[in-house]
Amino acid sequence: MIDVRNFNFFYGEHQVLHGINLEIPDRQVTALIGPSGCGKSTFLRSINRMNDIIPGTRGEGLIAINGENVYAPSVDVVSLRRRVGMVFQKSNPFPKSIYENVAYGLRIGGMTDKRRIDATVERSLRRAAIWDEVKDRLNSSALALSGGQQQRLCIARALAVDPDILLMDEPASALDPIATQKIEELVYELKSNYTIVIVTHNMQQAARVSDRTAFFMLGKLVEYDVTKTIFMTPKEKLTEDYITGRFG
Amino acid sequence: MRHFDREIEHLKQLLLRMGAMVEDAINESIRALLERDTDAAQRVLDSDNAIDQMELEIDQHTITLIAMMQPAAVDLRFVAAAMKITPELERVADLAVDVCERAIELNREPPLKPLLDIPRLARIAQDMVRQSLDAFVRRDAALAREVIARDDEVDLLTEQSFRELLTYMLEDSRNISRAIRLTFIGKYFERMADGATNICEMVVYLAEGKVIKHQHESD
């Protein structure tokens, strides 16, 4: 479980997240929605400390994964990011072969046995629902794949190092409807093994894929509930106005 | 299978389960009437709540499907058809309850006459309801149109049965209460057939996207 208590985040003097409190359950899909600039991506990137690479940022409060504060000084950020994988809006495969894209993280992590690497590459590609499309050309360049395939390859790459949590920042926004549907189906399949947090601008996508939805606005968490409730009977007027397209 | 297809399949299964319950209710109501079986009638009265609950469950499921899955094209027509078919089924079950209530009243008195038209009417109505559900499951517009065509036969039988019962009423005023109850029963079965017709109109809409309600197709 990801437990967030009174979490604030600052870009320099500018506070972009205000007192966020929520509990993200294991092996479910939690969607973060809200208008541009509402802080949802910043929040997502706070979970595996991706914001650390931006100078002048700082987080306050608690984000705990299975009881361990990710902002504690003792935390090894590299191992944190191995446990909390990330998939970005724009697919970013390395300019290497399909196989190497997935094997890379394993080698960095110290795996040397070729057979183990082969097996893990295959398992990861299968889990990302792309194995059948690439199994005969594992040594071809990843850059020759279509956008949707590249995105699934990036998901396979994230899965290879066996994370518990997968953060997805608008993973389908650059894809056509068919590729989007494949990613959505994949998210639905993956949740039986992974905890998934997904940022999306597409409210329908949040409704389709997620179990829980958090609605952010102006850096605050307005409402957080099971997705069905958010989309059928939201409690807050702001949420209702946003999801019915009355502003945003 | 897509996650969405599984949801649609689940909705279909719920509707079929409700359909089976409604068919049972019609069957028992016919038995209650023809075999003067008051226990059967009571069973139908007792089972009605389960059918009502089923309607609520399907309503909830269809609304959720629309909110979460934004169905389009044939999927949208399926969900819309499900929303319109469910209350028809519930109404048919209520009519079976009405038949049973009149049957219980009739069973307290000696039979007015041997029943001829009403059993035929009842069997046709029952058949139409069953076939309308088959047509829905198979998305079979041809079968749906066949069912709709049988509605004229039902109307004729209802009329015929009414005329005959009227003669009993004219003959002896002590027949009136039983004859009126039988007239009602004829009407209840005729309305069940109307329900089947409405379901079939939704099946044509589902299969072909064509609205045939309130218009003659030959026009």
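Above this note sits the structure.
Since the model is a prediction, treat every value here as computed from it, not as a measurement.

> Could you clarify how one ought to interpret the overall build of chain B in this entry?
Along the backbone of chain B there are 7 helices and 0 strands. N-terminal to C-terminal, the α/β element order of chain B is α-α-α-α-α-α-α. At 19 Å, chain B has a C-alpha radius of gyration in line with the 17 Å of a compact globule built from 219 residues. With the C-alpha coordinates of chain B rotated into their principal frame, the extents come out at 65 × 45 × 20 Å. For chain B, the residues scored as buried account for 37% of the 219 residues in total. By sequence separation, contacts in chain B at least 24 residues apart represent 81% of the contacts at least 6 residues apart.

> What exactly am I supposed to notice about the interface of chain B and chain A here?
By a frequent convention, interface size equals the accessible area lost on bringing the separate parts together. Taken together, the contacts link 8 residues of chain B with 9 residues of chain A. Of the residues that constitute the side of chain B that touches chain A, the class distribution is 4 nonpolar, 3 polar and 1 charged.

> What am I meant to see in unusual backbone geometry here?
Keep in mind that most residues, glycine aside, have a negative phi and that most peptide bonds are trans. Backbone geometry at A:Arg27 places phi at a positive 50°, although glycine is not the residue there. The residue A:Arg27 is located in the loop between β2 (14-24) and β3 (29-33) in this model. Of the residues examined, A:Arg27 has 14 C-beta atoms within 10 Å and is grouped as partly exposed. With a phi close to 40°, B:Gln70 is a non-glycine residue in the positive phi region. Along the chain, B:Gln70 falls in the loop between α2 (38-69) and α3 (73-106). For B:Gln70, a count of 15 C-beta atoms within 10 Å puts it in the partly exposed group.

> Any chance you could explain the packing of helix α6 (residues 151-171) of chain B against helix α7 (residues 176-208) of chain B here in plain terms?
To characterise two packed helices, one gives the angle between the axes of the helices and the distance between these axes. Residues and elements named next belong to chain B. In the contact formed by α6 and α7, the axes pass within 9 Å of each other and the chain directions differ by 175°. One element, α6, and the other, α7, form an angle in the roughly antiparallel class. Two secondary-structure elements touch here, α6 through Asp151, Val154, Asp155, Thr158, Ser161, Phe162, Leu165, Tyr168 and Met169 and α7 through Ile176, Ala179, Leu182, Thr183, Gly186, Lys187, Glu190, Ala193 and Thr197. By residue class, the composition of the contact of α6 with α7 is 9 nonpolar, 5 polar and 4 charged.

> It is not clear to me how the sheet that holds β2(A) should be interpreted in this structure. Could you clarify?
Backbone-to-backbone hydrogen bonds join strands into a sheet, with any given pair of strands oriented parallel or antiparallel. Pairing is antiparallel in the open sheet, where 4 strands are placed in the order β2-β1-β4-β5 (chain A). Two strands close off the open sheet at either side, each with one partner strand: β2 and β5 (68-69) of chain A.

> Explain helix α4 (residues 117-138) of chain B to me, please; I cannot follow it from the model alone.
Residue and element names in this part refer to chain B. Compared with the 32 Å implied by 1.5 Å per residue over 22 residues, the 31 Å span of α4 between its first and last C-alpha is a close match. Within α4, burial applies to Ile118, Leu121, Ala122, Ile124, Ala125, Gln126, Met128, Val129, Ser132, Leu133, Ala135 and Phe136. Packing partners of the buried residues in α4 comprise α1 (3-34), α3, α5 (141-149), α6 and α7. Of the residues trailing α4, Arg139 is marked for its positive phi of about 50°.

> Could you clarify how one ought to interpret the packing of α4(B) against α6(B) in this entry?
Residue and element names in this part refer to chain B. At their nearest, the axes of α4 and α6 sit 9 Å apart, and the two run at 160° to each other. Comparing their axes, α6 and α4 come out roughly antiparallel. Here α4 and α6 pass one another in a crossing that is left-handed. Taking contact as the criterion, the partners of Asp117, Ile118, Arg120, Leu121, Ile124 and Ala125 in α4 are, on α6, Glu153, Val154, Leu157, Thr158, Gln160, Ser161 and Glu164. A per-class count over the contact of α4 with α6 returns 6 nonpolar, 3 polar and 4 charged.

Rules and cut-offs
- Chains are numbered independently. Their residues run from 1 in the order of the written sequence.
- As a convention, the first chain written is A and the first ligand written is 1, with the rest following in written order.
- Reporting of local features is limited, given that this is a predicted model, to residues whose pLDDT is at least 70; pairs of side-chain atoms are given and counted only at 80 or more, and all residues count toward the totals for whole chains, interfaces and linings.
- The secondary structure listing takes helices from DSSP runs of H or I that are at least 4 residues long and strands from runs of E that are at least 2 residues long, numbered from the N terminus.
- To get the radius of gyration, use the C-alpha atoms; to get the globule rule, take the number of residues to the power 0.38 and multiply by 2.2 Å.
- Here a residue counts as buried when 20 or more other C-beta atoms sit within 10 Å of its C-beta, as exposed when there are 12 or fewer, and as partly exposed otherwise, the C-beta atoms being derived from the backbone.
- A pair of residues counts as a contact when their C-beta atoms, built from backbone coordinates, are within 7 Å of each other.
- Here the nonpolar group is Ala, Val, Leu, Ile, Met, Phe, Trp, Tyr, Cys and Pro; Asp, Glu, Lys and Arg are the charged ones; every other residue, Gly included, is treated as polar.
- For every element, the axis is a line fit to its C-alpha atoms; helices are fit only across the contacting stretch, and the angle between N-to-C directions ranges from 0 to 180 degrees.
- Here the angle decides the label: under 35 degrees means roughly parallel, over 145 means roughly antiparallel, 65 to 115 means roughly perpendicular, and every other value means oblique.
- Only when DSSP finds a minimum of two bridges between them are two strands counted as paired.
- By this rule, a helix spans an expected 1.5 Å times one less than how many residues it contains.
- Take the far helix as the reference: if the near one is turned anticlockwise from it by less than a right angle, the crossing is left-handed, and if turned clockwise, right-handed.

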